[in-house]
Amino acid sequence: MARIGIIVNPHAGTIKRQKDLVERLDGILGNFGEFVVSESKEQMPEIMQKFREDEIDIIGITGGDSTFTYGLTHLIQTFGKN
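I will try to describe carefully the structure that is included in this document. (Residues numbered from 1 in each chain as written. Predicted model: local features only at pLDDT ≥ 70, side-chain atom pairs only at ≥ 80, totals over all residues. Heavy atoms only, no water.)

## Quick look at helix H2 (residues 21-29)
For step 1, the next point in the chain: Every buried residue of H2 is listed here: Leu21, Val22 and Leu29. Taken down its axis, H2 places every buried residue within 100° of arc, on the same side. Residues of H2 that are exposed and angled more than 90 degrees away from the buried face: Glu23 and Gly27.
For step 2, the next point in the chain: Positive phi shows up at Gly30, right after H2, with a value of about 55°. (Buried < 20%, exposed > 50% of the residue type's maximum accessible area, 1.4 Å probe, protein only. Helix = DSSP H or I, 4+ residues; strand = E, 2+ residues; numbered from the N terminus. Arc of directions from axis to C-beta.)

## Structural notes on the sheet that holds strand E2 (residues 33-37)
For step 1, the next point in the chain: One open sheet accounts for three strands, arranged E2-E1-E3; its pairing is parallel. Where the open sheet ends on each side, the last strands, each with one partner, are E2 and strand E3 (58-62). The mean inter-strand angle of the sheet, taken between neighbouring strand axes irrespective of direction, is 10°.
For step 2, the next point in the chain: Two elements, strand E1 (residues 4-8) and E3, share five bridges in a ladder whose sense is parallel. The residue bridging Ile4 from the neighbouring strand is Ile58, located in E3. (Pairing = 2+ DSSP bridges. Axes fitted to C-alpha atoms, helices over the stretch in contact; angles between N-to-C directions.)

## Regarding the packing of helix H3 (residues 44-53) against helix H4 (residues 65-79)
For step 1, the next point in the chain: H4 packs onto H3 with a crossing angle of 45° between their chain directions and a minimal axis gap of 9 Å. Regarding the angle of H3 to H4, the classification is oblique. For the element pair H3 and H4, the recorded crossing hand is right-handed. Counted together, Met44, Pro45, Met48, Gln49, Phe51 and Arg52 of H3 and Thr67, Tyr70, Gly71, His74, Leu75, Thr78 and Phe79 of H4 form the full contact between these two elements. (Parallel < 35°, antiparallel > 145°, perpendicular 65-115°, else oblique. Left-handed = near helix turned anticlockwise from the far one by under 90°. Contact = heavy atoms within 4.5 Å.)

Here is the structure:
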């Protein structure tokens, strides 16, 4: 079964408006992967490297546009363009 990695920016508007969203996402993921709350975009390289080491197959990123862009950039740098 595919392993899923989810990265959440807790400062994003949607997360702030839906106080229980982080807990709900973590609960839905359960044992199918890893759930990370990232406090800053500077953590992204480390998170992506850990996902690679842990053989994560699917990555979801929730946050603002810069969270997604920064995450996608580091995903490509870490996992390659293939």
